[in-house]
Amino acid sequence: MQLQEMSWPAVGAVSKDMPIVVPIAAVEQHGPHLPVFTDSMLLGEVVRRAAEPLRDRVVWTPLLWLGNSHHHIDFAGTLSAAPRTYLDLLGDLIDNLITHGFRRVVLVNGHGGNIVPSQQAVFEARQRYRQRDDLLLLAATYWLLGGKPHQVDPTLKQDRMQHACEWETSMILHLAPNLVGDVSQLEPVPAGVAFDPATRGWITKERSPLGYIGDPRRASALKGQTLFGVFAQDLVTFLERVIAWDGRSWEG
Ligand SMILES: [Zn+2]
């Protein structure tokens, strides 16, 4: 079910044990070869595919295209809410949904910069509603749900998400090849290990002058098809766990 297509009485009548899913993405530079709407397009497609088998067992809100992309702000076209603003924005959305009675709220994320804020938003919301014992507040990122696309298609060299990389370029090639620029001159930019396992604060331009990390030249539309298949199935499997939750248990 799509929230945007429903009247307020229809939303009011929905079982509040039904998961409500908020897709959260971004508008930010994706190298010289991909559109700035890449993360929103990719998450939109993963959600579109997942919504088909889930049908009327899940309510989807409209995709939130404004994300936390301040690390990309040096590149033209990036639109970003500052990290604290974004955290408050997600917190307000969760409050809205709880006000309307929903008990299973899922933030499904499609952008690296949103991972920490979305986790923090559900953590803080749980503290705000600590007297409740019927809430399930979750944050999940579509490429971190367990799928291993490189095992499904061994021609995929990349084994984790990078930026405007083999994976993302492949998915846009599948979705909208007309929006993909020339990648033939783009030398691979390694992700590096920085000060692993510590987390280093970073801005994109210190890692990649052109704004991509990975090897876009390895992309193909066929790989994109595989990636979407893996990620959509992962999201369906995950949301079925949310649907099957017994309403109280820690396990799920
Ligand atoms: Zn991206």
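Residues numbered from 1 in each chain as written. Predicted model: local features only at pLDDT ≥ 70, side-chain atom pairs only at ≥ 80, totals over all residues. Heavy atoms only, no water.

Asks: What is the right way to look at the packing of helix H3 (residues 83-99) against helix H4 (residues 115-128) in this model?
Replies: Angle between the axes and distance between the axes: these two values describe a pair of packed helices. Following both chains from N to C, one finds H3 and H4 inclined at 50°, their axes separated by 9 Å at the closest point. On the basis of the axis angle, H3 is oblique to H4. Considering how the two elements wind past one another, H3 and H4 form a crossing that is right-handed. Listed contacts from H4 to Tyr86, Leu87, Leu90, Gly91, Ile94 and Asp95 of H3 are Pro117, Ser118, Gln120, Ala121, Val122, Glu124, Ala125 and Arg128. Residues that form the contact of H3 with H4 fall into these classes: eight nonpolar, three polar and three charged. (Axes fitted to C-alpha atoms, helices over the stretch in contact; angles between N-to-C directions. Helix = DSSP H or I, 4+ residues; strand = E, 2+ residues; numbered from the N terminus. Parallel < 35°, antiparallel > 145°, perpendicular 65-115°, else oblique. Left-handed = near helix turned anticlockwise from the far one by under 90°. Contact = heavy atoms within 4.5 Å. Nonpolar A, V, L, I, M, F, W, Y, C, P; charged D, E, K, R; others polar.)

Asks: Please clarify how helix H6 (residues 166-175) should be interpreted in this entry.
Replies: Three- or four-residue spacings in an α-helix give side chains the same orientation, since the helix completes a turn every 3.6 residues. In terms of burial, H6 is largely enclosed, as seven of its ten residues are buried. Those residues of H6 that fall on the buried side of the exposure criterion are Glu166, Trp167, Glu168, Thr169, Ser170, Met171 and Ile172. (Buried < 20%, exposed > 50% of the residue type's maximum accessible area, 1.4 Å probe, protein only.)

Asks: I tried to follow the coordination of the zinc ion on my own but got confused; where do I start?
Replies: Ideal values for angles at a metal depend on the geometry: 109.5 degrees with four tetrahedral donors, 90 or 180 degrees with six octahedral donors. Bound to the zinc ion on the protein side are His30 (NE2), Asp39 (OD), Glu168 (OE) and Glu168 (OE), at distances that span 1.9 to 2.7 Å. Geometry at the zinc ion is irregular, judged from the four donor atoms that bind it and their angles of 53 to 136° at the metal. We note that the donor set of the zinc ion lies within a single chain, spaced as H-x8-D-x128-E. (Donors = N, O, S within 2.8 Å, 3.2 Å for Na, K, Ca; no water. Tetrahedral: all angles 85-135°; square planar, octahedral: opposite > 155°, others 65-115°.)

Asks: In this structure, what is going on with the sheet that holds strand E4 (residues 136-141)? I would like to understand it.
Replies: Strand pairing in a sheet relies on backbone hydrogen bonds. The paired strands run either parallel or antiparallel. Read from one edge of the open sheet, four strands run E2-E1-E3-E4, paired in parallel fashion. At either end of the open sheet lies a strand with only one pairing partner, and these are strand E2 (59-60) and E4. Where strand E3 (residues 104-109) lies against E4, six bridges are found, and the strand directions are parallel. Bridging across to E4, Leu107 finds its partner in Ala139. Against the sheet, helix H7 (residues 221-244) engages strand E1 (20-24), E2, E3 and E4, with an angle of about 165° to E3. (Pairing = 2+ DSSP bridges.)

Asks: Any chance you could explain the pattern of salt bridges here in plain terms?
Replies: Pairs may arise between side chains of opposite charge once their charged atoms sit close together. Per the stated rule, a full pass over the model turns up 14 salt bridges. Residue Arg57 is joined to Glu240 by a salt bridge in which the shortest nitrogen-to-oxygen separation is 3.2 Å. Taken together, the residues span a long stretch of sequence, with Arg57 in the loop between helix H2 (38-54) and E2 and Glu240 in helix H7 at a distance of 183 residues. Taking relative accessible area as the criterion, Arg57 reaches 33% and is therefore assigned partly exposed. You can call Glu240 partly exposed: its relative accessible area is 34%. Across the pair Asp215 and Arg217 runs a salt bridge whose closest N-O atoms are separated by 3.6 Å. Accessibility expressed as a relative area gives 18% for Asp215, which makes it buried. Linked through salt bridges whose partners overlap, the residues forming this network are Glu45, Arg48, Arg49 and Glu52. (Salt bridge = Lys/Arg side-chain N within 4 Å of Asp/Glu carboxyl O.)

Asks: What's the story with the pairing of E1 in this structure? I'm lost.
Replies: Taken residue by residue, a regular strand's side chains alternate between the two faces of the sheet. Of all the five residues making up E1, five are buried; the element is thus mostly covered by neighbouring parts of the structure. Bridge count between E1 and E2: two bridges; the pairing is parallel. Within E2, the residue paired with Val21 across the bridge is Trp60. As for the winding sense of the linkage, the β-α-β connection from E1 through H2 to E2 is right-handed. (Right-handed = clockwise from strand over helix to strand, strands pointing away.)

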